[in-house]
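Descriptive analysis of the structure
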Amino acid sequence: MLSPNSTFYARPLGVTPAASLPQSPSAPLETSRQLVGDDHQDAPYFRSLEEAGIRLNGPQISAVRHGKGPLLTLAGAGCGKTTVLAARAGYLMEVSGVHAGSILLVTFTNKAAAEMKDRIASLPGIRPAAARAVQARTFHSFALTLLRHYGVQEEIFGEPRAQHTVIKMLLRQYGMSEAFQPESLLSMLSAWKMQGSETTDLPEKSQEERDAKRVLLGYENWKRERNKMDFDDILLRAAALLRDPAVLKPLQQRFQYIMVDEFQDTNKLQYEIVQKLASAHRNLMVVGDDDQTIYTFNGARQESILEFDKVYPGARIVTLDINYRSDARILGLGSELVARNKRRRDKRLRAAGHRGDAPRFATPSNAEEEAAWVVNQICQQVEEGLHTYRDIAILHRTASSSRAVFEQLVLKDVPFVQHGASPVFYDQSLIRPLMDHMRLSLNPRAVDALPSALGPLYVSRDAGLEWIQRSEQQQAKKYPLIHLAKWDKLKPFQQEQVKERIKLIKSLHKMKPVIAIQEMRRQFYDKYMESGDPSIFTHYKETMLETLDEFEAAAKKFETVEAFIEFADELSRRHREMESLRRSQDSDAVQLMTIHRAKGLEFPCVYWIGASEGIVPHSTALRQDIPEDQKAALAVQQTDAELDMALEEERRLAYVAITRAKKYLYVTSPASHHGKPADVSRFLLEAFGLEVPDKRKERDDSRTGHSASYGKGSGQSARSGTRAEGRDVVHRRAISYSDRDHDVHNERDEDRLSERRGSGQIRNHKAFSTTGVRQGSQVASASSGSGSSSSGRSERTETVAIWKCSSSTCKAWLRQKPAVPTAKAAKRAAAGPPPCPLCSGSMEAGTREVPVTGRAGR
């Protein structure tokens, strides 16, 4: 039973009432009115700005006045960078006498470019012709104009669905329909191109890499034959064109002053274009915030800002540090949080925004209760007139983490617009096949559900449906899928798989929905979805597994498959009725979006949901918490430095979420995630002065008798045995597996390294421990057989029996338990080794050197 009443507190769970609230200092009140005297040469320009309502502060004036040479403008969140860029363009024209056509202003979105043009045009004294002459463009717009000027006439092929269709066609053509996901291949290709590399240079060391390269080369040929190019091609070809001095020199002579907005988001190729254009005169002004670098997965490089003065020796650096957006306490929380990052430019923002309220924190038991609390409070705030719906944004980390709040918004008839995700969680391409299998269990002749069932049978959808329809005309069957068992294009083992699948479908409606999902994942779905090279598509698979785990969590609320399907269908129906809101820019509707999509936006009231360990920071940034035996099973090994960088990006993401709020900020940290206990995000605790130890160091210290408990500060445990401010305390203990012939310790839920459903076991997870408890944490952080701890002292090792994956490309291994003379143990021994928990392949017996952990008798 979910509690209908939300409870928000002044401090996160684990922070004592005595802890002081972070707060940014107040900014000075002086503006250009006081700072630019009438005797200054440029005073008339600033007086005209003031008459137009534009009063610049000290750092802004310094940036606007900058003339020749490189300038790095560090623009903190809400510090008026757009105003500065527009005002500097006006200053160059009105005060410095620069021709408008000599100014190039580059940004990332059409919306931002259009806003920049409008801002420049609205400046006092700027003639319309001059405003139009300033080149305010996106990177792609500038590059495309350049290509068109030099005779490149290919059509733009930029629709993602069309791109996916072409990749799917090529996969079928090459007999690899189930080997790769189109979005994964295209993402890999984009990342490769944004490094400035050609498709012909893609790696081909493994068979999977060769297969992927073959498909992508086919995609490039398909475009070439049809005279098309995609958005990545535009930048790649423009950069290549600029390597020709005959092309580059005229552009350098024309664009004497270059300004780049959102500089922290530039990738290697975009930075190369900017550097070439500015290389002759070095009149380059870049504006950005290294604390908001959250697009590294798209190739963004924080080094662009961190190393700017090394690339451009003598560059000026101006810090815009006066925030006009947020309440000082909201800004203080964000500033204290991001200050923990080591790879950043030092800056502390000062507050000049309107006063609102201090941030509020809540710890609901799970995502379902979190969603109920948030939506109930939103409804109450709107009813009381505190906010309108359009004032409010709900921010979440990943697409799947919005599922519960999405459902509550629909069911409570709250108008909202969801940005950048599938309309309904249950209609996603990953989830739909499982839903349709359950629909077929209720109605085996559900025509709309049949197509989704063919893919997991490794049957061509079009050809399979055509066979079924033709066979149905001759003789209708209760289960139309059975016609595939007599299709001569299928091999005998595939025909048997069809029969087994029908047998499973018949049984699903008798199960609870969550058990039905687990059974489908165990029998076929996880293996089907994990086709392809794990070293290439690890990120996609982790997202996929997270989404499937969320699916299981959603299903737990329902007792019957029929009730679950009815709920999902009703959700889709009601959401379609609200779709008109998406098309209206001025709708009075709550904004639901990922934190990534919220960057650059601001809202009077923000709800940041999912501020828990494993969500933010995301599980992929917490792999130092995974024991060494499970790290060995990871498809892609990450160094400590890479993990540190990933954790810092997660912290920047939290900073972006917080600094979207103007007056009100509500942060919720569910105490469990996908059924497993979850601590309050370390980022929140750190912002209040608590020390969260590095788990790698913690494991090293555990060997020498030192202890460091999670979330302690000032001698107070973050999760003490008392009820902090009236909230429940969640205790965590060690994982325990039963009835298995191997043991795996301290598994993180989201990574699902050894808990693959392929083993056929539904395991009994207990919680983790925190304060001073380290079951299984003595596993060495060094690679197996090193025999030494991080302190350099000798460590005893032992040779243990293991099961290791027989595949040469899979590193998974599992420790065997010593044989116990029981009938059950004898039966397990006769059954042979377990399937590989990572790739579901066969395993074989072996040995491994591991540190002695004191687990006597195991």
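Everything quoted here is computed from the prediction, not taken from an experiment.

1. A closer look at the overall build of the protein
- When its secondary structure is counted, the protein shows 31 helices and 22 strands.
- Scored against the burial criterion, the 858 residues of the protein give a buried share of 56%.
- Relative to all contacts within the protein whose residues are 6 or more apart in sequence, the contacts with residues 24 or more apart total 78%.

2. So, the environment of Leu 269
- Among the structural elements, Leu 269 can be located in helix 13 (residues 268-278).
- Separated by 31 residues in sequence, Leu 269 and Ala 238 have C-alpha atoms that sit 9.6 Å apart.
- Leaving out residues up to four positions away in the same chain, Leu 269 has contacts with Lys 193, Met 194, Gly 196, Leu 235, Leu 236 and Ala 239.

3. Brief notes about the sheet that holds strand 14 (residues 590-594)
- Sheet architecture is open: six strands sit in the order 11-16-15-12-14-13, paired in parallel fashion. The sheet terminates laterally at strand 11 (360-362) and strand 13 (416-418), the two strands that pair on one side only. In this sheet, neighbouring strand axes are inclined to one another by 20° on average, regardless of whether the strands run parallel or antiparallel.
- Here helix 18 (residues 403-411) sits on the sheet in contact with strand 12 (392-396), strand 13 and strand 14, set at roughly 150° to strand 13.

4. Description of the pairing of strand 15 (residues 603-608)
- Judged by how many residues are buried, strand 15 sits mostly within the fold: five of six residues are covered.
- Bridging between strand 12 and strand 15 involves four bridges; their strand directions are parallel. Note on strand 15: the bridge partner recorded for Ile 392 is Cys 605.

5. Remarks on unusual backbone geometry
- Along the chain, Val 616 connects to Pro 617 via a cis peptide bond; the corresponding omega equals 5°.
- Assignment of secondary structure puts Pro 617 in the loop between strand 15 and helix 27 (628-631).
- Unlike most non-glycine residues, Tyr 458 shows phi in positive territory, near 60°.
- Secondary-structure assignment places Tyr 458 in the loop between helix 20 (450-454) and helix 21 (461-474).
- Note on Tyr 458: relative accessible area 34%, which makes it partly exposed.
- Positive phi values are uncommon outside glycine, yet His 674 reaches one of about 55°.
- Inspection of the secondary structure assignment puts His 674 in the loop between strand 17 (672-673) and strand 18 (676-677).

6. Details of the pairing of strand 2 (residues 103-107)
- Taking burial as the measure, the five residues of strand 2 include five buried ones, the bulk of the element.
- Here strand 2 shows two buried faces, one formed by Ile 103, Leu 105 and Thr 107 and the other by Leu 104 and Val 106.
- In this structure, strand 2 lies alongside strand 6 (residues 257-260), joined through four bridges in parallel fashion. Across the sheet, the residue bridging to Ile 103 is Tyr 257, located in strand 6.
- Bridging between strand 2 and strand 3 (residues 135-138) involves four bridges; their strand directions are parallel. In the sheet register, Val 106 faces strand 3, and the bridge partner there is Arg 137.

7. Examining the side chain of Asn 267
- Locating Asn 267 in the fold gives a position in the loop between strand 6 and helix 13.
- Given a relative accessible area of 5%, Asn 267 falls into the buried group.
- Of note is the side chain of Asn 267, whose polar atom sits 3.1 Å from the backbone nitrogen of Leu 269.
- A polar contact is formed between the side chain of Asn 267 and the backbone nitrogen of Gln 270, at a distance of 2.9 Å.
- With residues up to four places along the chain from it excluded, the contact list for Asn 267 reads Met 194, Asn 298, Gly 299, Ala 300 and Arg 301.

8. Here's the deal with the sheet that holds strand 8 (residues 316-320)
- Pairing is parallel across the open sheet formed by six strands, whose spatial order is 3-2-6-7-1-8. Two strands in the sheet have a free side with no partner beyond their single neighbour: strand 3 and strand 8. For this sheet the average axis-to-axis angle between neighbouring strands, irrespective of direction, equals 15°.
- Set on the sheet, helix 5 (residues 110-121) makes contact with strand 2 and strand 3; between it and strand 3 the angle comes to about 165°.
- The strands touched by helix 7 (residues 139-149) within the sheet are strand 2, strand 3 and strand 6, with strand 3 carrying the most contacts at an inclination of about 105°.

9. Here's the deal with helix 8 (residues 160-173)
- Here helix 8 is 14 residues long and its end C-alpha atoms lie 20 Å apart, about the 20 Å a rise of 1.5 Å per residue gives.
- Every buried residue of helix 8 is listed here: Gln 163, Val 166, Ile 167, Leu 170 and Leu 171. Buried residues of helix 8, seen end-on, are gathered within an arc of 140° and therefore sit on one face of the element. Structural note: helix 8 exposes Arg 161 and Thr 165 on the side pointing more than 90 degrees away from its buried face.
- In the stretch just after helix 8, Gly 175 is the one whose phi turns positive, near 70°.

10. Focus on the nonpolar core
- With 83 residues, the main nonpolar core has Ile 120 and Trp 608 as its most contacted residues.
- Counting residues per element, this core draws most heavily on helix 4 (residues 81-94), which supplies eight residues.
- Setting aside anything within four residues of it in sequence, one finds Trp 608 in contact with Leu 395, Ile 595, Val 616, Ala 654, Ala 657, Ile 658, Tyr 666, Val 667, Thr 668 and Leu 684.
- Formed by 56 residues, the second largest nonpolar core is a distinct cluster that contains Ala 371, Val 410, Val 414 and Met 438.

11. What to know about the pattern of salt bridges
- Applying the stated criterion to the full structure yields 57 salt bridges.
- The partner of Arg 47 in a salt bridge is Glu 50, and the shortest N-O contact between them spans 2.8 Å. In this pair, Arg 47 and Glu 50 are both assigned in helix 2 (residues 43-51), three residues apart and thus about one turn of the helix distant.
- When its relative accessible area of 13% is taken as the criterion, Arg 47 is described as buried.
- Residue classification places Glu 50 among the buried positions, given a relative accessible area of 7%.
- Close ionic contact of Asp 230 with Lys 223 constitutes a salt bridge, the shortest N to O distance being 2.9 Å. The same class applies to Asp 230 and to Lys 223, which are both buried.
- Residues joined in a network through salt bridges with shared partners are Lys 81, Asp 261, Glu 262, Asp 265 and Lys 599.

12. Some remarks on the packing of aromatic side chains
- One pass over the full model with this rule turns up 25 aromatic pairs.
- Geometrically, the ring pair formed by Phe 157 and Trp 222 is tilted, given 5.1 Å between the ring centres and 45° between the ring planes. Here Phe 157 is found in the loop between strand 4 (155-156) and helix 8, whereas its partner Trp 222 is found in helix 10 (residues 207-225), with 65 residues between them in sequence. The residues Phe 157 and Trp 222 share a single accessibility class, namely buried.
- For the ring pair Phe 524 and Tyr 525, a centre distance of 6.1 Å and an interplane angle of 85° mean the geometry is edge-to-face. Per residue, the accessibility class of Phe 524 equals that of Tyr 525, and both read buried.
- Counting every residue linked through ring pairs, the aromatic cluster contains Phe 425, Tyr 426, Phe 551, Phe 558, Phe 564 and Phe 567.
- Lying across the ring of Tyr 174, Arg 214 places its NZ or CZ 4.1 Å from the centre.
- Across from the ring centre of Tyr 479, 5.0 Å away, lies the NZ or CZ of Lys 506, which sits over that ring.

13. A look at the environment of Tyr 312
- Relative to the helices and strands, Tyr 312 is located in the loop between helix 15 (308-311) and strand 8.
- When its relative accessible area of 6% is taken as the criterion, Tyr 312 is described as buried.
- For the pair formed by Tyr 312 and Arg 282, sequence separation is 30 residues and the distance between their alpha carbons is 8.1 Å.
- Among residues more than four places away in sequence, those in contact with Tyr 312 are Pro 70, Tyr 271, Gln 275, Arg 282 and Leu 284.

14. Structural notes on the environment of Ile 294
- Topologically, Ile 294 is positioned in the loop between strand 7 (284-288) and helix 14 (303-306).
- A relative accessible area of 0% places Ile 294 in the buried class.
- Beyond its immediate chain neighbours, meaning those up to four positions away, Ile 294 contacts His 596, Lys 599, Glu 649, Arg 652, Leu 653 and Val 656.

Cut-offs and rules
Residues numbered from 1 in each chain as written. Predicted model: local features only at pLDDT ≥ 70, side-chain atom pairs only at ≥ 80, totals over all residues. Heavy atoms only, no water. Helix = DSSP H or I, 4+ residues; strand = E, 2+ residues; numbered from the N terminus. Buried < 20%, exposed > 50% of the residue type's maximum accessible area, 1.4 Å probe, protein only. Contact = heavy atoms within 4.5 Å. Pairing = 2+ DSSP bridges. Axes fitted to C-alpha atoms, helices over the stretch in contact; angles between N-to-C directions. Polar contact = N/O pair within 3.5 Å; in protein donor to acceptor, adjacent residues only side chain to side chain. Expected span 1.5 Å × (residues − 1). Arc of directions from axis to C-beta. Core = buried A, V, L, I, M, F, W, Y, C linked by side-chain atoms within 4.5 Å. Salt bridge = Lys/Arg side-chain N within 4 Å of Asp/Glu carboxyl O. Phe/Tyr/Trp six-rings, centres within 6.5 Å; stacked < 30°, edge-to-face > 60°. Lys NZ or Arg CZ within 6 Å of the ring centre and 35° of its normal.

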